[in-house]
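Observations on chain architecture
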Amino acid sequence: MAIVNVTPDSFSDGGQRFDAAQAVDDGLRFVSEGADIIDVGGESTRPGSEAVPEREELHRVLPVVERLAGAGVTVSVDTRRAVVARACLDAGARIVNDVSALRDDPELLPLVVERGAAVVLMHRRGQSENKYEGPAYADVVAQVRQFLLERAATCEAAGVVRQNIVLDPGIGFGKTPAENLALIAAGGKTGAGLYPILIGTSRKGFIGRLTDVKEPRMRDPASIWLAVEATRRGAAIVRVHDVAGTRQALAISAMMR
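Residues numbered from 1 in each chain as written. Predicted model: local features only at pLDDT ≥ 70, side-chain atom pairs only at ≥ 80, totals over all residues. Heavy atoms only, no water.

The condition is simple: UniProt positions are given in the numbering used here, feature names are shortened, and annotations may be inferred rather than shown by experiment.
Named according to an unreviewed UniProt entry, the chain is dihydropteroate synthase originating from Enhydrobacter aerosaccus. Annotation of the chain in UniProt includes, under Pathway (unreviewed entry), the sentence "Cofactor biosynthesis; tetrahydrofolate biosynthesis; 7,8-dihydrofolate from 2-amino-4-hydroxy-6-hydroxymethyl-7,8-dihydropteridine diphosphate and 4-aminobenzoate: step 1/2." Under the UniProt heading Cofactor (unreviewed entry), the note attached to the chain is "Mg(2+)".

Given below as structure tokens:
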């Protein structure tokens, strides 16, 4: 899954793809480099970020989704809002990637059911405004697993088919570096063998804290290594900035195995 942030303020690539044409060009390039899914987002989730008005988020992402989906690309829309998700699904998106695990907008779960869309449910501590705050976990892997399995069960009870559910432990969202590493190490076990796991570590702040590398784009070597390690431990999807580098590393890892 390649990251295409159509935002001015994302922590790593904010402003790089704020122009829709540039975002589309980069999305198509990522596909040529080996991306299976392009994840298009119009609202930053970095620490300290503020919510974007619904109309603005839609203005950012919809032209990009339309053009990528029209070119036959498998598109995921990274949103917490049913209005945005509906318009993007209408435009050809096939996946809703929600950092709130369908909690922030009560209309989003019925929409996913209605459209038969795939969904990524991410673990996030608290609400949007305090997603990085809270007490430490007693057992981060067990507690995150429990939360994700409960959200998945809620979705299935509402009518989402199990094959359309992916779980994301929310690396970097209200976790310490050690807790992030524990969740990566848990890999596919976080889904209890029932659901595929998505791991997103690319360029995140905890890498900087562990390595003292402050510039996000300079964290690609560690990001690629973590993507390989996550897949080795059972993750089904990795969400990345450097598609070509990650593909190359994953290919060699597969050959070694």
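1. Structural notes on the overall build of the chain
What counts, and what does not: Counting from the N terminus, the helices are the DSSP runs of H or I reaching at least four residues and the strands are the DSSP runs of E reaching at least two. Our radius of gyration is a C-alpha quantity, and the globule rule it is checked against amounts to 2.2 Å times the number of residues to the power 0.38. Every accessible area reported is derived by Shrake-Rupley at a probe size of 1.4 Å, with residue values counting cover from the shown protein chains alone.
Of the regular secondary structure elements, the chain holds nine helices and eight strands. In terms of overall size, the chain behaves like a compact globule, its C-alpha atoms giving a radius of gyration of 17 Å where 257 residues would be expected to give roughly 18 Å. Accessible area for the chain stands at about 11,200 Å²; split by element, carbon and sulfur atoms hold 53% of it.

2. Focus: the state of the cysteines
Note the threshold: Throughout, a disulfide means two cysteine sulfur atoms within 2.5 Å of one another.
Scanning the entire structure with this criterion turns up zero disulfides. Free of any disulfide, Cys155 has its nearest neighbouring cysteine sulfur in Cys88, separated by 19 Å.

3. Structural notes on the pairing of strand β5 (residues 118-122)
Spelled out, the test is: Burial classes follow relative accessibility: with a 1.4 Å probe on protein chains only, a residue under 20% of its type's maximum area counts as buried, one over 50% as exposed, and anything between as partly exposed. Strand pairing requires that DSSP identify at least two bridges connecting the strands. Call a crossover right-handed when, viewed with both strands pointing away from you, the route from the first strand across the helix to the second goes clockwise.
Of all the five residues making up β5, four are buried; the element is thus mostly covered by neighbouring parts of the structure. Bridge count between strand β4 (residues 95-98) and β5: four bridges; the pairing is parallel. Note that in β5 the partner of Val96 across the bridge is Val119. Note that the unit made of β4, helix α4 (residues 108-115) and β5 has a crossover that is right-handed.

4. Thoughts on the environment of Leu194
Its place among the elements puts Leu194 in the loop between α6 (177-186) and β7 (198-199). Since its relative accessible area comes to 41%, Leu194 is described here as partly exposed. In this structure, the C-alpha to C-alpha distance between Leu194 and Val166, residues 28 residues apart in sequence, is 9.6 Å.

5. Things to note about helix α1 (residues 20-32)
The condition is simple: Given a helix with a known number of residues, its expected span is that number minus one, times 1.5 Å. Directions pointing from the helix axis toward each C-beta atom define the arc. Residue contacts follow a heavy-atom distance rule, with two residues in contact if any of their heavy atoms lie within 4.5 Å. Counting of polar contacts relies on pairs of N or O atoms within 3.5 Å, with two restrictions inside protein: one atom must be capable of donating a hydrogen and the other of accepting it, and residues adjacent in sequence are counted only when both atoms are side-chain atoms.
In this model α1 runs 18 Å from its N-terminal to its C-terminal C-alpha over 13 residues, within 8% of the 18 Å that 1.5 Å per residue would give. Considered for burial, the residues of α1 that qualify are Ala23, Val24, Asp26, Gly27 and Phe30. Seen along its axis, α1 keeps its buried residues to an arc of 165°; they face one direction. Buried residues along α1 sit against β1 (2-5), β2 (38-41), α2 (54-70) and α9 (243-256). Its side-chain oxygen 3.2 Å from the backbone nitrogen of Ala21, Asp19 forms the N-cap of α1.

6. Overview of the pairing of strand β6 (residues 165-168)
Within a regular strand, side chains alternate between the sheet's two faces. Of the two faces of β6, the one holding Ile165 and Leu167 and the one holding Val166 and Asp168 are both buried throughout. Bridge count for β5 against β6 is four bridges, and the pairing is parallel. Looking at the pairing, Val120 lines up with Val166 of β6.

7. A word on the pattern of salt bridges
As a reminder of what qualifies: For this analysis, a salt bridge means a side-chain nitrogen from Lys or Arg found within 4 Å of a carboxyl oxygen belonging to Asp or Glu.
The full count for this structure, using the stated rule, is 20 salt bridges. In this structure, the salt-bridge partner of Arg124 is Asp104, at a minimum N-O distance of 2.9 Å. Of the two residues, Arg124 is situated in the loop between β5 and α5 (140-158) and Asp104 in the loop between β4 and α4; the sequence distance between them amounts to 20 residues. For Arg124, a relative accessible area of 2% puts it in the buried group.

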